[in-house]
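# A structural walkthrough
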Amino acid sequence: ARHPIFGALTYVAMVFLDPPSRWWGETLPDLRWSFLSAGIALVAIAIHRPQPHAIRLRQHFAYILLLILLAYAVLQFPLALDVEEHKRFINYYFKFSIAIFLLYRSIDTEQHFKWFLGAYIAGCTYLAYVAFSSYAGGRFDSFGGSGIGDANAGALTLVTGIFLSASMFLYGDKKLRILLLFVVPFLINSLVMTVSRSGFLALAVGGLAFIFYTPRQFKPRVIGLSVLGALGFLMLTNPFYWERMETV
């Protein structure tokens, strides 16, 4: 009724909450929650027609490559050696293309972008709570959520949340920074619980990219905070974690 951004935020929330995989979702109707929220957001886009961006989505090279990949996969379908797996691939990337369109059109102001980042960070915080409250040793592999439940997928999702939190820390006010100082250690702690090699590589390479692309006025602060962050990360790790990382 108000703006498609609320449908998009609900879609993001459903990725993390995923009622069918939670104990509290057993009393709720058996609905396709992500599909429903995405559909509502798309209808809201058609009704409200948010302000278009200066650069249209079809002008983004990465999105064009995604559509080419999808079209190529469809053309290859008659030659597929594993038909069911090929169907899954096409279905997955078709959903990606729709989700990217949904978010790109819904986020039409700076405030909406901050809301989106906040929703994603809140979702990662919920995953961290799930891990913290149910971890029983070894490798944590039970995040739940929509397609992010296993250790590797959950770890990569958390890494994205960590870097979004870092961006918000640079941009936000004092209250937000204090809040993030409490949130980020829980995200990193959950990442360590996964003992994920791909998550570790994403954090290391993503950290270097984050520093490299930081605007000049923030760079000294980012380098100093990165050193503190690396020390904090080392404090949360253990020998079991590093034994697995040595096999990269």
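Structural notes, computed from the coordinates. (Residues numbered from 1 in each chain as written. Predicted model: local features only at pLDDT ≥ 70, side-chain atom pairs only at ≥ 80, totals over all residues. Heavy atoms only, no water.)

## Examining unusual backbone geometry
Which entries qualify depends on this criterion: Labels follow the DSSP assignment, with helices taken as runs of H or I lasting at least four residues and strands as runs of E lasting at least two, numbered in each case from the N terminus.
Phi at D18 takes a positive value of approximately 40°, unusual for a residue other than glycine. Tracing the chain through its elements places D18 in the loop between α1 (4-17) and α2 (33-48). Of note, the phi angle at V195 is positive, near 50°, even though the residue is not glycine. One can find V195 in the loop between α7 (174-194) and α8 (197-213).

## Structural notes on the packing of helix α5 (residues 110-134) against helix α6 (residues 151-171)
This is how the line gets drawn: The axes are straight lines fitted to the C-alpha atoms, using for helices just the contacting stretch, and the angles between their N-to-C directions are given from 0 to 180°. Angle categories are assigned with fixed cut-offs, so that under 35 degrees is roughly parallel, over 145 is roughly antiparallel, 65 to 115 is roughly perpendicular, and the rest are oblique. Crossing chirality is assigned from the near helix's rotation relative to the far helix, an anticlockwise turn below a right angle marking it left-handed and a clockwise turn marking it right-handed. Every residue pair with non-hydrogen atoms within 4.5 Å of one another is taken to be in contact. All amino acids are sorted into three groups, where Ala, Val, Leu, Ile, Met, Phe, Trp, Tyr, Cys and Pro are nonpolar, Asp, Glu, Lys and Arg are charged, and the leftover types, Gly among them, are polar.
For the pair α5 and α6, interaxial distance at closest approach is 9 Å and the crossing angle is 135°. In terms of axis orientation, α5 runs oblique to α6. Crossing geometry of α5 relative to α6 is assigned as left-handed. Contacts between α5 and α6 involve E110, K114, L117, Y120, I121, C124 and L127 on the former and, on the latter, T157, L158, T160, G161, L164, S165, M168 and Y171. Of the residues assigned to the contact of α5 with α6, the class counts are nine nonpolar, four polar and two charged.

## Thoughts on the layout of surface pockets
For clarity, the threshold we go by: A pocket, in this scheme, is an open set of points on a 1 Å grid over the protein atoms alone with protein on both sides within 12 Å along at least 5 of 7 lines, while a cavity is a set where a 1.4 Å probe fits but cannot get out; residues line either one if an atom lies within 4 Å of a point. Grid points are joined across faces, edges and corners, and a volume is the space filled by probe spheres set on the points.
In this structure, the largest pocket occupies an estimated 1300 Å³ of space. Every residue lining the largest pocket is counted, 35 residues in all, and those nearest its centre are Y11, V15, F96, A99 and S146. Taken together, the elements giving at least two residues each to the lining of the largest pocket come down to α1, α2, α4 (83-106), α5 and α6. Considering each element in turn, the lining of the largest pocket owes the most residues, ten residues, to α4. Grouping the amino acids of the lining of the largest pocket by side-chain chemistry returns 24 nonpolar, seven polar and four charged. Empty space within the second largest pocket amounts to approximately 940 Å³. Lining the second largest pocket are 27 residues, and of these I188, L225, S226, G229 and A230 sit closest to its centre. For the lining of the second largest pocket, the secondary-structure elements that each account for two or more residues are α6, α7, α8 and α9 (219-236). Ranked by residues supplied to the lining of the second largest pocket, first place goes to α9 with nine residues. When its residues are assigned to classes, the lining of the second largest pocket shows 22 nonpolar, five polar and no charged.

## With respect to α4
Heads up, the condition is: A helix is expected to span 1.5 Å multiplied by its residue count minus one. Partly exposed describes any residue whose relative accessible area lies between the buried limit of under 20% and the exposed limit of over 50%, with all areas from a 1.4 Å probe on protein chains only and scaled to the type maximum.
Taking 1.5 Å of rise per residue, the 24 residues of α4 would be expected to cover 34 Å, and the 35 Å separating its terminal C-alpha atoms lies within 8% of that figure. Inspection of α4 places H86, I90, S97, A99, L102, L103, Y104 and S106 among the buried residues, and these make up the whole buried set.

## Structural notes on the packing of aromatic side chains
Applicable threshold: Stacked, tilted and edge-to-face are the three classes applied to pairs of Phe, Tyr and Trp rings, where Trp contributes its six-membered ring and a pair requires centres within 6.5 Å; stacked means planes under 30 degrees apart, edge-to-face means over 60, and tilted covers the rest. Two conditions define a charge sitting above a ring: the NZ of Lys or the CZ of Arg must be within 6 Å of the ring centre, and it must be within 35 degrees of the ring normal.
Applying the stated criterion to the full structure yields 18 aromatic pairs. Here F132 and F186 contribute two aromatic rings whose centre-to-centre distance is 5.4 Å and whose plane-to-plane angle is 80°, an arrangement assigned as edge-to-face. In this pair, F132 is assigned in helix α5 and F186 in helix α7, connecting sequence segments 54 residues apart. Ring geometry for F140 and F143: centres 4.9 Å apart, planes at 80°, overall edge-to-face. Here F140 and F143 have matching classes, each one buried. Seen from the ring of F35, R32 lies directly overhead, with NZ or CZ sitting 4.9 Å from the centre. Above the face of the F169 ring, R177 is positioned so that its terminal group lies 5.7 Å from the ring centre.

Just distances and angles here, no functional claims.
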